[in-house]
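# An overview of the molecular structure
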Amino acid sequence: MKWVLFDAYGTLFDAGKYNIKIIAEELATRFGVDSQTVFDLWTTKYVEIEKREDKFRTITETNRESLAFVFEELALGEDYEFFVNRMNDEWSSPKLLPGVFELIEWLKKQQCHIGIVSNSDDITLASAVEKNSLPIDNLVSSEMAKYYKPNSKIFEFALKKWNCSPELCIYIGNSMNDVRASSSAGISCVHIHSEMFDVSCHSEGVYICQVKEILECKKIIKIFLENNNFEEAIKKCPEPESNQ
């Protein structure tokens, strides 16, 4: 049986790294500092920590270390754990993006498995799925796999966990990290974005489509499920209109 896999934040859920901006503004209001300064310090430190290769860190751990740095730099004391928890709250209780529940309900009637592969912590991903009543039990987080996209090893972990082969999967995501990671693992991908990008892929047997809204994925998924390979799906799908 084939698998339809999804990214979580930004694809299914209306949440992501932009939530840092929201929490930075809350922090700035509480302490009377400039929100842009907080945001810049936080995100710069976050990226710096992300690039370290000494050990795997969860998103919570990375936010904790980043916020500790912000508080020290701005002499705000040591109550940064409150804002670490606020970030987790944002990612644990996001709203569904338009069209998501309709697509998942349709998929549940098809002959396929459904899963999520996400750059997230275990508890926030599970909470987001549960609180939105999404009927998806197959979840792989970066915390579980110990890798983040664009590293394809997060998908290799998922394929092994679910005992499936990449040619029987299609991945739906909204970022180039989704495209790079899934295609490098041999998984075809649908990229959701309001603008068309160069999504050139050199992995043999991997095909990439682009759509502007998640419900547009339905026709591509349907052809994918009904054909032996995704090349046939590409041939039957019209070329997406590029933004002028």
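Going by the structure above, here's the rest.
Residues numbered from 1 in each chain as written. Predicted model: local features only at pLDDT ≥ 70, side-chain atom pairs only at ≥ 80, totals over all residues. Heavy atoms only, no water.

## Comments concerning the overall build of the chain
- Counting its secondary structure elements, the chain contains eleven helices and six strands.
- The buried share of the chain, reckoned over its 244 residues, is 46%.
- Accessible surface, the chain as shown: approximately 12,400 Å² in total, 47% of it carbon and sulfur. (Helix = DSSP H or I, 4+ residues; strand = E, 2+ residues; numbered from the N terminus. Buried < 20%, exposed > 50% of the residue type's maximum accessible area, 1.4 Å probe, protein only. Areas by Shrake-Rupley, 256 points an atom, 1.4 Å probe, with all protein chains shown as cover.)

## Remarks on the packing of helix H2 (residues 35-50) against helix H3 (residues 59-73)
- Following both chains from N to C, one finds H2 and H3 inclined at 135°, their axes separated by 9 Å at the closest point. Put simply, H2 runs oblique to H3. Our pair here, H2 against H3, has a crossing hand that is right-handed. Listed contacts from H3 to Val38, Leu41, Trp42, Lys45, Tyr46 and Ile49 of H2 are Ile59, Thr62, Asn63, Glu65, Ser66, Leu67, Phe69, Val70 and Glu73.
- For the contact of H2 with H3, a count of residues per class yields nine nonpolar, three polar and three charged. (Axes fitted to C-alpha atoms, helices over the stretch in contact; angles between N-to-C directions. Parallel < 35°, antiparallel > 145°, perpendicular 65-115°, else oblique. Left-handed = near helix turned anticlockwise from the far one by under 90°. Contact = heavy atoms within 4.5 Å. Nonpolar A, V, L, I, M, F, W, Y, C, P; charged D, E, K, R; others polar.)

## Some points on the packing of aromatic side chains
- In this structure the tally under the stated criterion is nine aromatic pairs.
- Ring plane angle 70° and centroid distance 6.0 Å describe the contact between Phe71 and Tyr80, whose orientation is recorded as edge-to-face.
- Accessibility expressed as a relative area gives 1% for Phe71, which makes it buried.
- We classify Tyr80 as partly exposed; its relative accessible area is 23%.
- Seen from their ring centres, Phe71 and Phe83 are 6.1 Å apart, and the 50° between their planes marks the pair as tilted. Of the two residues, Phe71 is situated in helix H3 and Phe83 in helix H4 (residues 81-92); the sequence distance between them amounts to twelve residues. For the pair Phe71 and Phe83, one class covers both residues: buried.
- Every member of this aromatic cluster is reached through a ring pair, and the members are Phe31, Phe71, Tyr80, Phe82 and Phe83.
- Seen from the ring of Phe82, Arg30 lies directly overhead, with NZ or CZ sitting 5.4 Å from the centre. (Phe/Tyr/Trp six-rings, centres within 6.5 Å; stacked < 30°, edge-to-face > 60°. Lys NZ or Arg CZ within 6 Å of the ring centre and 35° of its normal.)

## Focus on the layout of surface pockets
- By volume, the largest pocket amounts to about 940 Å³.
- Lining the largest pocket are 35 residues, and of these Lys17, Glu50, Asn119, Tyr148 and Lys149 sit closest to its centre.
- Elements represented by at least two residues in the lining of the largest pocket include exactly H2, H3 and helix H9 (176-184).
- Taken together, the residues of the lining of the largest pocket break down into twelve nonpolar, twelve polar and eleven charged. (1 Å grid on protein atoms, 1.4 Å probe; cavity = no way out; pocket = protein on both sides within 12 Å on 5 of 7 lines; lining within 4 Å. Points joined across faces, edges and corners; volume = space filled by probe spheres on them.)

## Side note on helix H5 (residues 100-108)
- Looking only at H5, the buried set comprises Val100, Leu103, Ile104, Trp106 and Leu107. One face of H5 carries all of its buried residues, which in axial projection span an arc of 160°. (Arc of directions from axis to C-beta.)

## Brief notes about the sheet that holds strand E3 (residues 138-141)
- Pairing within the open sheet is parallel, and its six strands lie in the order E3-E2-E1-E4-E5-E6. For this open sheet the edge positions go to E3 and strand E6 (208-211), each flanked by a neighbour on one side alone. Each adjacent strand pair in this sheet contributes to an overall mean axis angle of 20°, direction not counted.
- Bridge count for strand E1 (residues 2-6) against strand E4 (residues 169-173) is four bridges, and the pairing is parallel. (Pairing = 2+ DSSP bridges.)

## A word on the nonpolar core
- Ranked by size, the top nonpolar core spans 49 residues in total, and within it Phe6, Trp42, Leu107, Ile116 and Cys217 carry the most contacts.
- Take this core: its biggest share by element is five residues, from H5.
- In terms of nonpolar packing, the next biggest core, distinct from the first, is built from 20 residues, Leu5, Ile154, Ala158 and Cys164 among them. (Core = buried A, V, L, I, M, F, W, Y, C linked by side-chain atoms within 4.5 Å.)

## A look at the pattern of salt bridges
- All told, the structure shown has 13 salt bridges when counted by the stated rule.
- In this structure, the salt-bridge partner of Arg86 is Glu26, at a minimum N-O distance of 2.7 Å. With Arg86 in helix H4 and Glu26 in helix H1 (residues 19-31), this residue pair connects regions lying 60 residues apart in the sequence.
- On the accessibility criterion, Arg86 (17% relative accessible area) is buried.
- Owing to a relative accessible area of 29%, Glu26 belongs among the partly exposed residues under this scheme. (Salt bridge = Lys/Arg side-chain N within 4 Å of Asp/Glu carboxyl O.)

## Describing the side chain of Thr58
- Structurally, the position occupied by Thr58 is in the loop between H2 and H3.
- In contact with Thr58, other than residues within four places in its own chain, are Asp121, Glu143 and Tyr148.

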